[in-house]
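Chain residues, written in single-letter form:
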Amino acid sequence: MAISLPAVPFQISYPQLVDSVSVSRAGTRAMAFVEYADAYWQVQMRTVPLSASQRLLVEAFKDASRGGLVTVTYTPKHMCIPRAYWGDADNAALTNTGNLVSITGNSLVINSVTNGLTLAAGDLISLTTGSYNSLFRVQTGAVAVANAMTITVEPTVPSYITTGAVVTFKNPLANMRVMPGSFSIPDEFNPVASFTLVEIPK
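In this text the structure is predicted, and so the values were computed from the model without any measurement. (Residues numbered from 1 in each chain as written. Predicted model: local features only at pLDDT ≥ 70, side-chain atom pairs only at ≥ 80, totals over all residues. Heavy atoms only, no water.)

Asker: I'm lost on unusual backbone geometry in this one. Help?
Answerer: Where the residue is not glycine, phi is negative for most of them; where a peptide bond is considered, it is trans in most cases. A cis amide bond links Glu-154 with the next residue in sequence, Pro-155, at an omega value of -5°. Secondary-structure assignment places Pro-155 in the loop between strand 11 (148–154) and strand 12 (166–168). Although it is not a glycine, Asn-171 adopts a positive phi angle of roughly 55°. Position of Asn-171 among the secondary structure elements: in the loop between strand 12 and strand 13 (174–178). You can call Asn-171 partly exposed: its relative accessible area is 35%. Positive phi is not limited to glycine here, since Asn-190 has a value of about 50°. If you trace the backbone, Asn-190 turns up in the loop between strand 13 and strand 14 (194–199). Given a relative accessible area of 49%, Asn-190 falls into the partly exposed group. (Helix = DSSP H or I, 4+ residues; strand = E, 2+ residues; numbered from the N terminus. Buried < 20%, exposed > 50% of the residue type's maximum accessible area, 1.4 Å probe, protein only.)

Asker: Looking at this model, I keep getting lost on the pairing of strand 13. Mind explaining?
Answerer: Looking along a regular strand, one sees the side chains alternate between the two faces of the sheet. Buried residues dominate strand 13, accounting for 4 of its 5 residues. Taken together, the 3 bridges between strand 4 (residues 71–74) and strand 13 define a ladder with antiparallel strand orientation. Bridge pairing in strand 13 places Thr-73 opposite Asn-175. As paired strands, strand 13 and strand 14 are joined by 3 bridges and run antiparallel to one another. Following the sheet pairing, Met-176 is matched in strand 14 by Glu-199. (Pairing = 2+ DSSP bridges.)

Asker: Looking at this model, I keep getting lost on the environment of Val-34. Mind explaining?
Answerer: Its location among the elements puts Val-34 in strand 3 (residues 29–46). For Val-34 and Ser-13, which are 21 residues apart along the polypeptide, the C-alpha to C-alpha distance reads 29 Å.

Asker: I keep staring at the nonpolar core and nothing clicks. Help me out?
Answerer: The nonpolar side chains of a soluble globular protein tend to be buried, and buried together. Counting residues in hydrophobic clusters, the biggest one holds 24 residues, and the most contacted among them are Ile-110, Leu-117, Ile-125, Leu-127, Ile-151 and Phe-169. Those elements giving two or more residues to this core turn out to be helix 2 (92–95), strand 6 (107–111), strand 8 (124–129), strand 9 (132–140) and strand 11. It is strand 11 that contributes the most residues to this core, 3 residues altogether. With near-sequence residues (within four places) excluded, Leu-117 lies in contact with Tyr-85, Ala-93, Leu-94, Ala-142, Val-143, Ala-144, Met-149 and Phe-169. Counting residues in each nonpolar core, the second largest holds 23 residues, with Val-70, Leu-124, Ala-174 and Val-178 among its members. (Core = buried A, V, L, I, M, F, W, Y, C linked by side-chain atoms within 4.5 Å. Contact = heavy atoms within 4.5 Å.)

Asker: Explain the pattern of salt bridges to me, please; I cannot follow it from the model alone.
Answerer: Two side chains of opposite charge can pair, provided their charged atoms sit close to one another. Scanning the entire structure with this criterion turns up 3 salt bridges. Among the ionic pairs, Arg-55 bridges to Glu-59, the shortest N-O distance being 3.1 Å. Of this pair, Arg-55 and Glu-59 both sit in helix 1 (residues 52–65), 4 residues apart, roughly one helical turn. On the accessibility criterion, Arg-55 (15% relative accessible area) is buried. Of the charged contacts in the structure, one is a salt bridge between Asp-90 and Lys-170, with a shortest N-O distance of 3.7 Å. Linking Asp-90 in the loop between strand 4 and helix 2 with Lys-170 in the loop between strand 12 and strand 13, this pair joins segments that are 80 residues apart in sequence. Judged by relative accessible area, Asp-90 falls into the exposed class, the value being 69%. (Salt bridge = Lys/Arg side-chain N within 4 Å of Asp/Glu carboxyl O.)

Asker: Explain a nonpolar patch on the surface here, please?
Answerer: Taken together, the side chains of Val-21, Val-23 and Phe-33 present a nonpolar region at the surface, about 280 Å² in accessible area. On the basis of relative accessible area, Phe-33 is assigned to the exposed category, the value being 60%. (Patch = residues over 30% accessible without salt bridge, like charges linked within 9 Å, V, L, I, M, F, W, Y side chains within 5 Å. Areas by Shrake-Rupley, 256 points an atom, 1.4 Å probe, with all protein chains shown as cover.)

Asker: Please explain the packing of aromatic side chains as it appears in this structure.
Answerer: How two aromatic rings sit relative to each other is set out by the distance from centre to centre and by the angle between their planes. Applying the stated criterion across every chain, the model contains 4 aromatic pairs. Measuring from centroid to centroid gives 5.3 Å for Phe-61 and Phe-195, while their planes differ by 40°, and the two rings are tilted. Of this pair, Phe-61 sits in helix 1 while Phe-195 sits in strand 14; the two residues are 134 residues apart in sequence, bridging distant segments of the chain. Taken as a pair, Phe-61 and Phe-195 share a single burial class, namely buried. When the centroid spacing of 4.8 Å and the interplanar angle of 25° are considered together, the rings of Tyr-132 and Tyr-160 count as stacked. Within this pair, whereas Tyr-132 is found in strand 9, its partner Tyr-160 is found in the loop between strand 11 and strand 12, the two being separated by 28 residues in sequence. (Phe/Tyr/Trp six-rings, centres within 6.5 Å; stacked < 30°, edge-to-face > 60°.)

Shown next, in the form of structure tokens:
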């Protein structure tokens, strides 16, 4: 079972991809770079100053998250549609989800999309297989032709996302959890609550 973010306004926060890379050195020179774990998304969440009723919603969310034991379904609040559709969020091309046909490295072939759908570098999309929701940033975009397109993304698609996955272009989804110990909400009028979300498979 997953929960949603509390229905309160949040300050601007963007998901950041965290790379797990170590470097070996000889003196001051970097000699070898090794990725020792998969990259993952992290988001520093901060609310606006909260009213008394909003504070209760945030505290209920904190309790429901159980210190990170419960999955949070996250949608980026300030980067929820591709750049080509800023000012046109209701464009029908965005509501038609795609189908993941193949994965070759970081290259994805997607079909069942609306012709003319435009994705560009920096846009966020998500892939969903069952209860697995995973977020990706477009590196090389495309314009859909013959109801299909090929794009490259980061990070690498994990093994639990398979062909046939649903591709979401508007309000992409990611499975996150609250980092234990990151939640803060001071005892004051109109407090600002903050917490860190980190990506998990489901």
